[in-house]
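Observations on chain architecture
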Amino acid sequence: MENKAKEQFMRMAIALSEDNVKNNLGGPFGAVIVKNGVVIAGSANKVMKDNDPTAHAEVAAIRLACKELGTYNLSGCEIYTSCEPCPMCLGAIYWAHIDKIYYANTKVDAANIGFDDFLIYDELGCEMEKRKIPFVQLLPKEAINAFKLWEGSKLKVIGY
């Protein structure tokens, strides 16, 4: 795909982010998912609008793209996002098997306006005992049964 098309898709993501702020709908983030040069889905951040802390632009766009394509696997797709993805969105992008990430603003740019994800990046590298939110394991011997059932499930998919 040529650079002009890529720039057009990024401008769409940026426009979603700007419109979200101008219309008092939420944070300054937008994302567009493209497959074979065609826009499959796009969304702005919906955290405030939907009262959903997981409704970041990338996650919302992934949900829409999966629904549109009828699959949870977005292999062959690219995501254009107005800002470098936060840890949650990056995880979602990997789980969705998106092939490539194009981004405009950086996580440092986001931190400079109050969207600081560095705590989460730091927490991911900490031992559980040293994390700010306590982790307490309960009933692992009971919970493991669901994993054993999954081992024989017809739905089981290998890989991440």
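These remarks concern the structure in this document. Since the model is a prediction, treat every value here as computed from it, not as a measurement.

The next point concerns the overall build of the protein. Assigned secondary structure in the protein consists of seven helices and four strands. Shown N-terminal to C-terminal, the secondary structure of the protein runs as helices and strands in the order α-β-β-α-α-β-α-β-α-α-α. C-alpha atoms of the protein, sized along the principal axes, occupy 55 × 40 × 25 Å. Within the protein, the proportion of its 160 residues that are buried is 29%. Once local pairs closer than 6 in sequence are excluded, the contacts in the protein between residues at least 24 apart make up 48%. For the protein, the accessible surface area stands at approximately 10800 Å², while carbon and sulfur atoms represent 58% of it. Placing the 18 positive and 20 negative side-chain charges of the protein at their respective mean positions leaves the two points 6 Å apart.

Turning our attention to the state of the cysteines. Summed over the entire model, instances satisfying the criterion amount to zero disulfides. Here C86 stays unpaired: no disulfide links it, and the sulfur of C89, its closest cysteine neighbor, is 3.6 Å away. Of the residues examined, C86 reaches a relative accessible area of 8% and is grouped as buried.

Another point: the sheet that holds strand β3 (residues 77-83). Ordered in space as β2-β1-β3-β4, the four strands form an open sheet in which the pairing is mixed. The sheet terminates laterally at β2 (38-44) and β4 (100-105), the two strands that pair on one side only. When strand polarity is set aside, the average angle formed by the axes of neighbouring strands in this sheet is 15°. By the bridge criterion, five bridges tie strand β1 (residues 30-35) to β3 in an arrangement that is antiparallel. Each residue of the ladder has a partner; that of V34, found in β3, is E78.

Per the counting criterion, the structure on display carries four salt bridges. Here R11 and E7 are joined by a salt bridge, their closest N and O atoms 3.9 Å apart. One end of the pair is R11 and the other is E7, both in helix α1 (residues 3-22) and four residues apart, which spans about a single turn. Looking at R11, the relative accessible area reads 56%, which means it is exposed. Under the relative-accessibility criterion, E7 is labelled partly exposed at 41%.

This part is about the nonpolar core. Among the nonpolar cores identified, the biggest contains 18 residues, and I33, I62, A65, L74, I79 and I98 are the most heavily contacted of them. Sorting the residues of this core by element identifies β1, β2, α3 (57-69) and β3 as the ones contributing at least two each. A per-element tally of this core places α3 first, with five residues. Setting aside residues up to four positions removed in sequence, I33 forms contacts with V38, V39, I40, A41, A61, I62, A65, L74, C77, E78, I79 and I98. One finds A5, F9, V32 and Y80 within the second-largest nonpolar core, a separate group that totals eight residues.

Rules behind the numbers
Residues numbered from 1 in each chain as written. Predicted model: local features only at pLDDT ≥ 70, side-chain atom pairs only at ≥ 80, totals over all residues. Heavy atoms only, no water. Helix = DSSP H or I, 4+ residues; strand = E, 2+ residues; numbered from the N terminus. Buried < 20%, exposed > 50% of the residue type's maximum accessible area, 1.4 Å probe, protein only. Contact = heavy atoms within 4.5 Å. Areas by Shrake-Rupley, 256 points an atom, 1.4 Å probe, with all protein chains shown as cover. Lys, Arg positive; Asp, Glu negative; His and termini not counted. Charge placed at Lys NZ, Arg CZ, Asp CG, Glu CD. Disulfide = S-S within 2.5 Å. Pairing = 2+ DSSP bridges. Axes fitted to C-alpha atoms, helices over the stretch in contact; angles between N-to-C directions. Salt bridge = Lys/Arg side-chain N within 4 Å of Asp/Glu carboxyl O. Core = buried A, V, L, I, M, F, W, Y, C linked by side-chain atoms within 4.5 Å.

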